[in-house]
Amino acid sequence: MSEHSSTPFSAPELFELPRERAEIAPGAVHVPGWLGAEEQRELVRRCREWSVGPAPLRHAVLPGGGRMSVRSTTLGRDWAPYRYLRTGERKRAPDMPPWLSELGHRAVLEAYGPGGPDVQDYRPDTALVNFYDAAARMGMHQDTDEATAAPIVSLSLGDACVFRFGNTQTRSAPYRDLELRSGDLFVFGGLSRYAFHGVPRIRPGTGAAALGMKGGRLNLTLRMTGRAGPER
């Protein structure tokens, strides 16, 4: 990630084509271009600060010893693959900013409307920040670390990716591939809350230079953990 560019915000020609919001599966909603240019730049700036803070970006090590190709950090709660760590004096993750929690609330409102499930009470207390370089991937997985089935909010910045959204029973087909671009919102909850999903491919060079990144993709996933105090 680099410092901000002074050039006007513009996207490659690929991004000029109109894209429509869509419900990919029951409770899984894709909203293209939800974040404006200034919001995207501000999120990139904040991610840069978090990436060198007390819990810097790292390649998380899986329980079996493998190392994730994605580099990650968290806000609100410390996290390791498949679990949230204890909070308290040992907490390294920065606090979850209230404005980011409010952004998550607005995202769920955008996806489901004011009368939708979980909308009024949705206030995420943690965020996972992932940085993908051109070679990084994310295997098919479920988000089951939380003690609540509240929706997951996903925000994309930088290079586009192929996002694979599957079913709730198995990592294999049926699944659907879609392209997530910078500024896109993806929310999944309800019947799709525990769907397997992953990122099999990044599309290098598709992010706008004026966003403030040399390359790669940033993804923020906002979550309600349903956990209080020092519990795991």
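In this numbering scheme, every chain counts its residues from 1 along its sequence in written order. Thresholds applied to this predicted model are a pLDDT of at least 70 for local features of residues and 80 or more for the giving and counting of side-chain atom pairs; totals over whole chains, interfaces and linings are not thresholded and use all residues. As a convention, hydrogens and water are excluded, and side-chain values are obtained from all of the structure's heavy atoms.

Trainee: Help me get a handle on the nonpolar core, residues and values and all.
Mentor: Within the largest apolar cluster, 33 residues are counted, with the highest numbers of intra-cluster contacts made by Leu100, Val153, Leu155 and Leu220. Only strand E2 (28-31), helix H1 (37-51), helix H2 (98-112), strand E7 (126-132), strand E9 (152-158), strand E12 (185-188) and strand E14 (217-223) provide two or more residues apiece to this core. Helix and strand labels come from DSSP, where a helix needs a run of H or I of at least four residues and a strand needs a run of E of at least two; each type is numbered from the N terminus. Considering each element in turn, this core owes the most residues, six residues, to H2. Setting aside chain neighbours within four positions, we find Leu100 in contact with Leu43, Trp50, Leu75, Ala127, Leu220 and Leu222. What we call a nonpolar core is a set of buried Ala, Val, Leu, Ile, Met, Phe, Trp, Tyr and Cys residues that are connected through their side-chain atoms within 4.5 Å. For each residue, the accessible area found with a 1.4 Å probe, counting protein chains only, is set against the maximum for its type, and the residue is called buried under 20%, exposed over 50%, and partly exposed in between. In terms of nonpolar packing, the next biggest core, distinct from the first, is built from 20 residues, Ala25, Met68, Val70 and Phe186 among them. By definition, residues are in contact when any of their heavy atoms lie within 4.5 Å.

Trainee: How would you explain the sheet that holds strand E1 (residues 22-25) if you had to name every residue and give the values?
Mentor: Pairing between strands requires that DSSP locate at least two bridges from one strand to the other. Spatially, eight strands are ordered E1-E2-E12-E9-E14-E7-E4-E3 in an open sheet, and the strand pairing comes out antiparallel. Every interior strand has two partners, whereas the edge strands, E1 and strand E3 (58-61), have only one. Strand-to-strand, the axes of this sheet are offset by a mean angle of 30°, without reference to chain direction. Every angle, taken between N-to-C directions, lies between 0 and 180 degrees, and every axis is a line fitted to C-alpha atoms, over only the stretch in contact when it is a helix. Each of strand E4 (67-75), E7, E9 and E14 touches H1; the most contacted strand, E14, lies at about 85° to it.

Trainee: Give me the packing of H1 against H2: which residues, what numbers.
Mentor: As a packed pair, H1 and H2 sit with axes 13 Å apart at the nearest point and diverge in direction by 135°. Taken together, the axes of H1 and H2 lie oblique to each other. Between H1 and H2 lies a crossing of left-handed hand. Residue-level inspection shows Glu39, Leu43, Arg46 and Trp50 of H1 in contact with H2, the latter providing Trp99, Leu100, Leu103 and Arg106. Taken together, the residues that form the contact of H1 with H2 break down as five nonpolar, no polar and three charged. When describing relative orientation, an angle under 35 degrees is termed roughly parallel and one over 145 degrees roughly antiparallel, while 65 to 115 degrees is termed roughly perpendicular and anything else oblique. Helix crossings fall into two classes, left-handed where the near helix is turned counterclockwise from the far one by less than a right angle and right-handed where it is turned clockwise. Classification convention: Asp, Glu, Lys, Arg as charged; Ala, Val, Leu, Ile, Met, Phe, Trp, Tyr, Cys, Pro as nonpolar; all other residues, Gly among them, as polar.

Trainee: Residues and numbers for the environment of Met138, please.
Mentor: Locating Met138 in the fold gives a position in strand E8 (residues 138-141). Spatially, the C-alpha atoms of Met138 and His197 are 8.6 Å apart, while their sequence positions differ by 59 residues. If near-sequence neighbours (up to four positions away) are discounted, Met138 is found in contact with Met68, Val70, Asn130, Tyr132, Gly198, Val199 and Pro200.

Trainee: Now, about the environment of Arg217: what can you tell me, with residues and values included?
Mentor: Within the secondary structure, Arg217 is located in strand E14. In this structure, Arg217 is in contact with Asn130, Phe131, Tyr132, Ser156, Leu157, Asp159, Cys161, Leu180, Val199 and Ile202, ignoring residues within four places of it in sequence. For Arg217, the side chain forms a polar contact with the side chain of Ser156, separated by 2.8 Å. Here a polar contact is taken to be a pair of N or O atoms separated by no more than 3.5 Å, where protein atoms must pair a possible hydrogen donor with a possible acceptor and residues adjacent in sequence count only if both atoms sit in side chains.

Trainee: Residue-level account of unusual backbone geometry, with values.
Mentor: Going from Ala173 to Pro174, the amide bond is cis rather than trans, its omega being 10°. With respect to the helices, strands and loops of the structure, Pro174 is situated in the loop between strand E10 (160-165) and strand E11 (176-180). Phi is positive for Asp118, which is not a glycine, with a value near 70°. One can find Asp118 in the loop between H2 and E7. When its relative accessible area of 40% is taken as the criterion, Asp118 is described as partly exposed.

Trainee: Describe in detail the pairing of E4, supporting the description with residues and values.
Mentor: Residues in a regular strand point their side chains to alternate faces of the sheet. The pairing of E3 with E4 spans three bridges and is antiparallel. Paired with Val61 across the two strands is Arg67, which belongs to E4. Two strands pair when backbone bridges link them, and E4 and E7 are joined in this way by five bridges, in the antiparallel orientation. Across the sheet, the residue bridging to Leu75 is Ala127, located in E7.

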